[in-house]
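Notes for the structure review
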Amino acid sequence: MASITNRKSEWILCPICHCRTRIRVLKDTTLLNFPLFCPKCKREMLINIVDSKICVIKELN
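In this report, we go over the structure that sits alongside the text. (Residues numbered from 1 in each chain as written. Predicted model: local features only at pLDDT ≥ 70, side-chain atom pairs only at ≥ 80, totals over all residues. Heavy atoms only, no water.)

Brief notes about the packing of aromatic side chains
Scanning the entire structure with this criterion turns up zero aromatic pairs. Positioned over the ring face of tryptophan 11 is arginine 20, at 4.4 Å from the centre of the ring. Taking NZ or CZ as reference, arginine 24 lies 5.1 Å from the ring centre of tryptophan 11, over its face. (Phe/Tyr/Trp six-rings, centres within 6.5 Å; stacked < 30°, edge-to-face > 60°. Lys NZ or Arg CZ within 6 Å of the ring centre and 35° of its normal.)

This is the structure in structure tokens:
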């Protein structure tokens, strides 16, 4: 079994300001209704990630 350091992972970028958040995901990760917070623009939103594509459901602030 490969560890996370051996597998290709990437940072989730904020869909609003396009800066890096504190969350890393693998290429095959699926997230549904995930609350994402951006430390730079201070916004929180619900997102879905399927097939490495981010879709914003709604902003929470």
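Structure shown, so let's carry the discussion forward.
As for the pairing of strand β2 (residues 20–26)
Bridging between strand β1 (residues 9–13) and β2 involves four bridges; their strand directions are antiparallel. From the neighbouring strand, tryptophan 11 faces β2, where its bridge partner is arginine 24. Linking β1 back to β2 in an antiparallel pair, the connection comprises six residues, with histidine 18 at a positive phi of about 65°. (Pairing = 2+ DSSP bridges. Helix = DSSP H or I, 4+ residues; strand = E, 2+ residues; numbered from the N terminus.)

Points about the side chain of asparagine 48
Tracing the backbone shows asparagine 48 in strand β4 (residues 44–50). Engagement of the side chain of asparagine 48 in a polar contact is seen with the backbone nitrogen of asparagine 33, the distance being 2.8 Å. (Polar contact = N/O pair within 3.5 Å; in protein donor to acceptor, adjacent residues only side chain to side chain.)

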